[in-house]
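# Coordinates in review
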Amino acid sequence: MRRPPMPKEDVMDRTRGFYKKNLETVSHKKRIEYLNQRLRGIIQYAYKNSTAVRNKLDSVGLKPKDIQTTKDLEKIPITKKGDLVELQKKNPPFGGFEGVPISEMRRIYVSPGPIFEPGEADYDELGWAQGMVAAGFRPGDMAINTFSYHMVPFALQMIDNSLYRIGCITIPAGIGNTEQQVNILKTLKANAYCGTASFLLNIAEKAEEMGLDLKKDINLKVGFVATEMLPESLRSKLEQKFEMIIRQGYGTADIGCLGYECLKKNGMHVPDDKIVEIVDPNTGKQVGPGKAGEIVAATFNKVYPLIRFGTGDLSILTETPCPCGRTSPRLIKILGRVDQATKVRGLFIHPGQADEVASKHPQISKVQVVITRKEHKDEMTFRIELKEEIPQPQKLKEEIEKSIRDVMKVRGDVQFVPKGTIPEGAKKIEDQRTWE
Ligand SMILES: [Zn+2]
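Residues numbered from 1 in each chain as written. Predicted model: local features only at pLDDT ≥ 70, side-chain atom pairs only at ≥ 80, totals over all residues. Heavy atoms only, no water.

Coordination of the zinc ion by the protein is provided by Cys262 (SG), His269 (NE2), Cys322 (SG) and Cys324 (SG), with metal-donor distances spanning 2.1 to 2.3 Å. Here the zinc ion binds 4 donor atoms, and the angle range of 106 to 112° at the metal identifies the geometry as tetrahedral. Read N to C, the donor residues that coordinate the zinc ion are spaced as C-x6-H-x52-C-x1-C. Taken together, the residues span a long stretch of sequence, with Cys262 in the loop between strand S9 (256-260) and strand S10 (268-269) and Cys324 in the loop between strand S13 (309-318) and strand S14 (330-337) at a distance of 62 residues. For the pair shown, Cys262 and Cys324 are each scored as buried. (Donors = N, O, S within 2.8 Å, 3.2 Å for Na, K, Ca; no water. Tetrahedral: all angles 85-135°; square planar, octahedral: opposite > 155°, others 65-115°. Helix = DSSP H or I, 4+ residues; strand = E, 2+ residues; numbered from the N terminus. Buried < 20%, exposed > 50% of the residue type's maximum accessible area, 1.4 Å probe, protein only.)

So this is what it looks like as structure tokens:
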């Protein structure tokens, strides 16, 4: 893969510039025509090459010719994350969603669920690269990528490739080893950061602990954060500490980038290679601009042509012009989860996982997961009622905490509570976080 050059005019200025200017500034009418044309193309292709997409259309009596415009998408059933897991169990490994033979894939990713994801040989997704350029990333920047490279597609396929395509140099650091990451930043003078905002806060705290001056000893100028909610208080704290610009992107491992902020911090622009609908979660019908609903998306990716993927996230779409010059619609903000599933430290967790943890320990009679946030870090507590008092609760506590790590891939604390503490009909996952 060759590194394509960025337009020269944009190179030095972080406050202006686009990744694909002609697409990003196209008129509303032209954009609709462009999206409809690409939609017809991918529907034809996927109907022919993906059994899951064909079955989905057949199940409601649709043929590709019935889908001419983005409005016609309403006729197609929504596929949720849970559906993906079930379909993949029935028809492993991809549930028939793959659009090419397995021999043509470059990598296969595994996301929690487990969900298997076909990885492209020639990755050409636009969204993350558009987002990083909008955040001020420029060719020649050196970026430390602290998203996890293991199993999941985000760090390697999506962010790493996008940095390369912009023309940035990448340090594939992955998550963890905070002290080592501080030393790398100091020695290499990396000026760009990709990762979660809370991990950047860890880095800041560690560097200060090591006696470093964040503005002089660390050279960070731009940051692209994702996979967890970004409170404005945390953003401004980090921007001031490092004297850097921080912008966020939004998407899922399955379908890629669905939104990114520009310098105007005006919501998240929908990338030009996705169709994003906001729908009534009960009816699946589009609610129109300005109204809240579930984010449902379609991609033009032939390797993994997800059509009408229901993210389970709630948002509002706006089409009012953005002063940055981009004409794409924007997701105003992520309002929360449609169901009880949620994200903790960037990882998806759902009630089924809480039950799985409980099933490993016969002493447990009832469990409730409480998510809180302390000093900009997510905390997960398993409140557990036991069937009867036991002599060595500390040992059981540690065993359950290990099961939590194994099942959910995030750390959680166990708190034993007296019988009757967790009310009947209580939510399995109680999200108590606030985002001021
Ligand atoms: Zn904008």
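Pro92 connects to Pro93 through a cis peptide bond whose omega is -5°. Summarising the element assignment, Pro93 is placed in the loop between helix H4 (81-90) and strand S2 (107-111). Following Gly113, the chain continues into Pro114 via a peptide bond in cis, with omega recorded as -10°. Inspection of the secondary structure puts Pro114 in the loop between S2 and strand S3 (115-119). Backbone geometry places Thr227, a non-glycine residue, at a positive phi of 70°. Note that Thr227 resides in the loop between strand S7 (222-225) and helix H9 (232-242). Accessibility expressed as a relative area gives 22% for Thr227, which makes it partly exposed.

The strand order S19-S18-S17-S20 describes an open sheet built from 4 strands, whose pairing is mixed. The open sheet has two edge strands, strand S19 (413-416) and strand S20 (429-431), and neither has a second partner. In this sheet, adjacent strand axes meet at a mean angle of 25° when their direction is disregarded. Across 3 bridges, strand S17 (residues 364-374) lies against S20 in parallel orientation. Residue pairing across strands places Val370 opposite Glu430, the latter belonging to S20. (Pairing = 2+ DSSP bridges. Axes fitted to C-alpha atoms, helices over the stretch in contact; angles between N-to-C directions.)

All chains considered together, the criterion is met by 3 aromatic pairs. Pairing Trp128 with Phe154 gives two aromatic rings, centres 4.9 Å apart and planes at 70°, and the pair type is edge-to-face. With a gap of 26 residues between them, Trp128 in helix H5 (residues 127-134) and Phe154 in helix H6 (residues 153-166) connect regions that are remote in the sequence. Look at Phe154 and you get buried, because its relative accessible area is 11%. Aromatic pair Trp128 and Phe224: ring centres 6.2 Å apart, planes at 80°, arrangement edge-to-face. (Phe/Tyr/Trp six-rings, centres within 6.5 Å; stacked < 30°, edge-to-face > 60°.)

Turning our attention to the pattern of salt bridges. One pass over the full model with this rule turns up 31 salt bridges. Where Arg235 meets Glu232, a salt bridge forms, and the shortest distance between an N and an O atom there is 2.9 Å. Placement of the pair is Arg235 and Glu232 together in helix H9, with a separation of 3 residues, close to one helical turn. We classify Glu232 as partly exposed; its relative accessible area is 41%. For the salt bridge of Arg308 with Glu277, the shortest nitrogen-to-oxygen distance reads 2.9 Å. Within this pair, whereas Arg308 is found in the loop between strand S12 (292-299) and S13, its partner Glu277 is found in strand S11 (residues 274-279), the two being separated by 31 residues in sequence. Arg308 sits in the buried class, given a relative accessible area of 1%. (Salt bridge = Lys/Arg side-chain N within 4 Å of Asp/Glu carboxyl O.)

Before going further, it helps to examine H5. H5 sits mainly inside the fold: 8 of its 8 residues count as buried. Gly127, Trp128, Ala129, Gln130, Gly131, Met132, Val133 and Ala134 are the residues of H5 that are buried. Where the residues of H5 are buried, they touch helix H1 (21-24), H6, strand S6 (192-195), S7, strand S8 (245-252) and S9. Immediately beyond the C-terminal end of H5, within one or two residues, lies Gly136, with a positive phi of roughly 110°. (Contact = heavy atoms within 4.5 Å.)

This next bit is on helix H2 (residues 28-49). Between the first and last C-alpha of H2 there are 31 Å, a value that for 22 residues agrees with the 32 Å anticipated at 1.5 Å per step. If you follow the buried residues of H2, they end up packed against H1, helix H3 (51-59), S11 and S12. (Expected span 1.5 Å × (residues − 1).)

Looking now at the pairing of S6. Of the two faces of S6, the one carrying Ala192 and Cys194 and the one carrying Tyr193 and Gly195 are both buried. Here strand S4 (residues 142-145) runs beside S6; their pairing, made up of 3 bridges, is parallel. In the sheet register, Ile144 faces S6, and the bridge partner there is Tyr193. Pairing of S6 with S7 involves 4 bridges; the strand directions are parallel. Within the sheet, the bridge partner assigned to Tyr193 lies in S7 and is Gly223.

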